[in-house]
Amino acid sequence: MEPAENYQLFSDTYSDGSTATPHLAAMKSTKRVLIVGGGLSGLALAHHLHKKNVAVTILEAAPRLGGRIMTVTGVLGTPLELGATWFSGLHTHLTSLLEELGLEKYPQFSEGISLFQTKSFEPAQQFYVPAGETPSYRIAGGTQVLIDSLAARLNPESIKLNTRVRAIGAETSVLTAETVTGEVFTADIVAVCTPPQLAAVTIDFEPALPENLRSIMAGVQTWMAGAIKFVVEYADPFWREKGYSGMLYSHAGIMTEMYDHTNREANRFGFTGFLAGGAAGYTREVRQELVLRQLTALLGEAAGRPAAYFDKVWNDDIVVSGEPMILRPHQNQGHPVLQMPYMEGKLFLCSTEVSTEHPGYMEGAASVAKLVAEKIHVPLC
């Protein structure tokens, strides 16, 4: 028997109604963990468990890792963010993770003349914004370096891309995950790191999850679902040279928000921002045409000659499924029923929407991954 300090006493009543008598759980027990979803929460969870010698396998439906983190490289080499971009000094779990991985942050540029466009037939209003004392931050090299750094610390064979889970079931002492191609994976623990709404619609659970959990999951707002992010790359920072900050807020054009997207070294330049929701109905070519037309009207002819344009409509099947009834931002995120383990303590939910700390953001993904890793490392059964 291991020394007493390697054990912890449990007496659990699980959230699905089953009970466990008091028992000793070995903190050094070997556990096999399946992680469904290879976004930031899934990779951060795998990272924390890997450090504790817990065997992990990541099942990712998409052909790439990152989830709602998506950095593309412009033709001039600029890292351009089509997904999660900013964080703040309040986001301590994310900041600690960056420091552990040796990644650097830098402040979002915001100083200068910013624009507010209220009507298409009136000139944009101008207002000066000083450099912020508590700025937002970006990750040097692009947010994707966080994903790449986490993945690089794992066994490549433990990451399965193009592997979509359709069912999770409980057998005598383990859980199974079946993919859409019929492949079956077995583990002691399964952590679902996809958005709860997506999991509720696309994964069959056997036995069924409790009704209160199913109803909440179906109504959890998936952060960024429906958003349209665009990026424009330029050879020169012509707007900075004219004293502009690169910030725009508009009620009058296809662009609703825009920000300077210069890299940390200040030798690669561009804009990033969001388009109006109705733009999803346009082709990418039409969206580009309307963006450049609006930019040219605001900032001059140089704005109409970008090196590259990209955009991303976040409505694909790694984000949302079906027609969820969402009435408000962050709806049901961090709900208490999302915090509990299910299937006799073997099933955990672990996406940014589950977190009680800054749910929906990268900080939420980092904090929930650390919390779930701690729960898994001390086995519940």
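It should be emphasised that the depicted structure is a prediction, and the values quoted were computed from it without experimental measurement. (Residues numbered from 1 in each chain as written. Predicted model: local features only at pLDDT ≥ 70, side-chain atom pairs only at ≥ 80, totals over all residues. Heavy atoms only, no water.)

Enquirer: So what's going on with the packing of aromatic side chains? Which residues, and what values?
Expert: All chains considered together, the criterion is met by 10 aromatic pairs. Taken together, a centroid distance of 5.0 Å and an interplanar angle of 85 degrees make the contact between Tyr234 and Phe238 edge-to-face. Consider the rings of Tyr234 and Trp239, whose centres lie 5.9 Å apart with planes at 65 degrees: the pair is edge-to-face. A single burial state applies to Tyr234 and to Trp239, both of which are buried. Taken together, Tyr234, Phe238, Trp239 and Phe271 form an aromatic cluster joined through their ring pairs. Note that Lys105 overlies the ring of Tyr137, its terminal NZ or CZ placed 4.2 Å from the centroid. Directly above the ring of Phe109 sits Arg240, whose terminal nitrogen or CZ lies 3.7 Å from the centroid. (Phe/Tyr/Trp six-rings, centres within 6.5 Å; stacked < 30°, edge-to-face > 60°. Buried < 20%, exposed > 50% of the residue type's maximum accessible area, 1.4 Å probe, protein only. Lys NZ or Arg CZ within 6 Å of the ring centre and 35° of its normal.)

Enquirer: Outline the environment of Ala140, supporting the account with residue identities and numerical values.
Expert: Inspection of the secondary structure assignment puts Ala140 in the loop between β10 (137-139) and α3 (144-152). Along the sequence, Ala140 and Ala46 sit 94 residues apart, while their C-alpha atoms lie 23 Å from each other. Each residue touching Ala140, except ones within four places of it in the same chain, is listed here: Glu104, Lys105, Tyr106, Val145 and Arg264. (Helix = DSSP H or I, 4+ residues; strand = E, 2+ residues; numbered from the N terminus. Contact = heavy atoms within 4.5 Å.)

Enquirer: Which residues make up the nonpolar core, and what values do they have?
Expert: If you look at the biggest cluster of nonpolar residues, it comprises 67 residues, and the most contacted ones within it are Leu40, Leu45, Leu146, Ile168, Leu338 and Leu347. The element that contributes the greatest number of residues to this core is helix α8 (residues 362-377), accounting for eight residues. Setting aside chain neighbours within four positions, we find Leu347 in contact with Ile168, Leu175, Val190, Val192, Phe205, Leu209, Met340, Pro341 and Tyr342. (Core = buried A, V, L, I, M, F, W, Y, C linked by side-chain atoms within 4.5 Å.)

Just distances and angles here, no functional claims.
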